[in-house]
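Structural overview
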Amino acid sequence: MTLSVLLTACGTKETNQPTQPAAPTAKPKDPVTLNVWSWRPQDKDLWTKAEEKLKAQGENITIEFRGIKSTDYDSVLQTSMAGGEGPDVFTTRAGSGTKKYAEANQIDPLDSLKFDGFDKGLLDQVAFNGKTYAVPFAVQTLTFFYNQDIFTKNSITEPKSWDELIKTMEALKAKGITPLAMGAKDAYALCLIVDAIGATDLGDQWATDAIAGKTNFADPKFVDVLKKVDQLKKYAQKDFVATAQKDARTAFATGQTAMILDGIWAVETYYLKTDPNMKLGSFLAPANKAGDPVRQYAYVDGGYAVNSKSKVKDAAMKAAAYTASAEFAQAYADLNSEIPGNKNVKFPDSKPMLKKAVDEKNRVPLRVNFRIRSPFDSGAPDISTSLGANLQGMLAGKITPQQAAEAVQKDLASWYPAFKK
Amino acid sequence: MKRFVTGLGRYSYWLFIAPALLLYLSFKVYPFLNSILLGFYQWSGVPGAPKIWVGLANYNRILVQPPFATMFWRAFGHNLIVFGLLLLWSTGFGLLLAWMLTQIKRGGGFYKIVIFMPHTISIAVTGFLWNLLLNPQFGAINFALRKIGLDFLALPWLGDSKLALPTVVAVQVWHGLGFPVLVGLAAMISVPKDVLEAAAVDGANRLQLFWKMTFPIILPNVINLIALNFMGAFGLFEIVFVMQGAEAGPFYSTDLLGTLFYRTAFGGMGATASGMGLGAALAVVSFLIVIPLSLAATRLQRKYSVEV
């Protein structure tokens, strides 16, 4: 089987190719089919809108959008690119995910586009050798979400310290309410909890030191973060170890649990889809002492890149240019309740979770990432795979938080230059 | 003229085998040789990305150096467990079912359909269905177990690191059980009835009839099934990927050579770091494990085949 997977890497056809070449100067314009791939199947409507807008601008572009499950996306894309059958425009993961395609000249630099609505820090995450290679489409943020009705009914307010959070969980549990929905079958969901707690507890300095090799993941500070994650398992729903994150989301959205730790993208895609009338609240992972700073883990999810081998490059560039516009960003924010890359957007009062997330991102962001989209994601075994698996081991009681932290450090030390002795 | 035709005729078979040969060379031999070569390079798998010659370093990382060596040997151990479970559940239970089918007078057709039916469903759908059935919140399995008072058996099947691998293998067996039953049944039917009847007249009981008469005759088929189990166990990937993801959780408990290869070649959960060279070396090592044992099984099958 392994050989046959490798075999497919050498030439599998994955999609329809554009049917006609672009003819930008011809009038009326020749129809062009543009293949757009993303790991976000939920963006289908967004691209339908984009097609309408491009057509309204006089472009005869038909967009064939293909949403691929996030966990399958990279292998499908890599296989297709290797077979010369890749899409014209596609999402690349920020950081080293973009860099590896840029380094191999598989994607074109996009410096000719207007990026005036983007913060430099954002563009840096999709840059290589001083050139911008993708249009950042989303900034993701992580936070605790809670069911306002459950909180109000039980006279509970947002916790201001970690101890208060635990007391809140205890109080809910005493009343027979499951405090927290946890999807521990999905390792990535456990990593999100570490990100959120770590943002507050570790801060920028720790992350900077870890990247420089001055501290590492076996550090007591990081072990303490894992201890907190371990502490939460007491308050999770029954059989949380076998629960997928999507089922944890359903449990939360249907009022079976009071809280969940999740990304902002889940609000519209899962919670409000399940219960449009759900009243949500959110708070960042509280600090040990009330009043101490809290931080939000925010990261560039990815960007739209243009395949350098695209046969319809002109149309692909036009589509990429459109994704950099404030109009596209507004459509993105409106449809998904997520934070787009371009900051020139208005967030309506009807979407309070989004407004709050944007405010926190601007006010109290963690500026240096230590897990997702960090340098620790760029080698194998990457931090996400290692941390996710070890967290599962920890929550199952097979290893202690200290052992989990040491195992992660050991995995990273096998390839991360600053950790290598 | 005749000599000319004869001369051409000598090579004309190439013309007939050329289409198949070309396909075989392009899609089997070339990728295989290519992966052997790739195993000596460090390469992300992105076309155009730098390929750096690293000699045997990839093999060293897989077989000796932690953390990859730890992952490799753990996955290898899991493949062996899968082989053991397939032997027991697929071949063992499959043959038992086949034998039972030979013993019943009515309803054989119905049972055959029921047993073979899952085989017609794709493995992706099978994995998805069983994920639903085994869901701890709303899954039918635990719901039914609780309803009949077997609460203690309503376990987190796919979330417990001790249960996850056997559960996934059980789903795989459920999907493929029709095949060993079919093979076993066909072999058992081929056992001459008069021989069995003569033995029965001589006083042999059912167990003796099976063990002394049927089993030696169907042995080549059993060896065949065992060989297929072995190849199936070491080639297993899809069901784990569908049910547990590429991370093969929880805590690597369902990690097999196939899933390890996938993560290594295409990148793990973050999916930003991919190592096609390392993955290729892993594929070659897996190949070297499977091939000699498969050849041995083929030899054994020939050795024990009997004419009836």
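Residues numbered from 1 in each chain as written. Chains lettered and ligands numbered in written order. Predicted model: local features only at pLDDT ≥ 70, side-chain atom pairs only at ≥ 80, totals over all residues.

Looking now at the domain arrangement of chain A. Interfaces are often described in size by the accessible area the parts lose on coming together. All names here are of chain A. What the domain assignment lists for chain A is domain 1 (2-138 + 301-359) and domain 2 (141-298 + 365-419). On a C-alpha basis, the centroid separation for the pair domain 1 and domain 2 is 29 Å. With 13 residues of domain 1 at the contact, the number on the domain 2 side is twelve residues. Among the elements that line the side of domain 1 that touches domain 2, the one with the most residues is helix α14 (residues 352-363), at four residues. Considering only residue class, the side of domain 1 that touches domain 2 consists of five nonpolar, six polar and two charged. (Domains from an automatic or database assignment. Contact = placed C-beta atoms within 7 Å. Helix = DSSP H or I, 4+ residues; strand = E, 2+ residues; numbered from the N terminus. Nonpolar A, V, L, I, M, F, W, Y, C, P; charged D, E, K, R; others polar.)

A separate point is the pairing of strand β1 (residues 32-38) of chain A. Residues and elements named next belong to chain A. The buried count for β1 comes to six of seven residues, which makes it a mostly enclosed element. Here β1 runs beside strand β2 (residues 61-67); their pairing, made up of seven bridges, is parallel. Residue L34 lies in a different strand from β2, and its bridge partner there is I63. Where the polypeptide runs from β1 across helix α2 (residues 44-56) and back to β2, its parallel neighbour, the crossover connection is right-handed. Across two bridges, the pairing between β1 and strand β3 (residues 89-93) is parallel. For V36, the partnering residue across the bridge sits in β3 and is V89. (Buried ≥ 20, exposed ≤ 12 C-beta atoms within 10 Å, placed from the backbone. Pairing = 2+ DSSP bridges. Right-handed = clockwise from strand over helix to strand, strands pointing away.)

A few words now on the nonpolar core. A general tendency of soluble globular proteins is for nonpolar side chains to be buried together. Residue and element names in this part refer to chain A. Membership of the largest hydrophobic core comes to 198 residues, with the highest contact counts inside it found for L34, A319 and A320. Ranked by residues supplied to this core, first place goes to helix α8 (residues 187-212) with 15 residues. Shared between two domains, this core holds at least three residues of each, these being domain 1 (2-138 + 301-359) and domain 2 (141-298 + 365-419). (Core = buried A, V, L, I, M, F, W, Y, C linked by C-beta atoms within 7 Å.)

Of the residues lining the interface, 52 residues belong to chain A; the matching set on chain B comes to 53 residues. Of all the secondary-structure elements, those providing two or more residues to the side of chain A that touches chain B are α1 (2-9), α3 (70-82), α4 (96-103), α8, α10 (245-253), α15 (383-395) and α16 (401-413) of chain A. Split into classes, the residues belonging to the side of chain A that touches chain B amount to 22 nonpolar, 18 polar and twelve charged.

Our next topic: helix α9 (residues 193-201) of chain B. Counting buried residues along α9(B), only zero of its nine residues qualify, which leaves the element largely exposed. G203(B) sits one or two residues past α9(B) and shows a positive phi near 100°.

This paragraph deals with α16(A). Residue and element names in this part refer to chain A. Taking 1.5 Å of rise per residue, the 13 residues of α16 would be expected to cover 18 Å, and the 18 Å separating its terminal C-alpha atoms lies within 8% of that figure. Every buried residue of α16 is listed here: P401, A404, A405, A407, V408, D411 and L412. Projected down its long axis, α16 carries its buried residues within an arc of 160°, all on one side. Next to the buried residues of α16 lie α9 (220-232) and α15. (Expected span 1.5 Å × (residues − 1). Arc of directions from axis to C-beta.)

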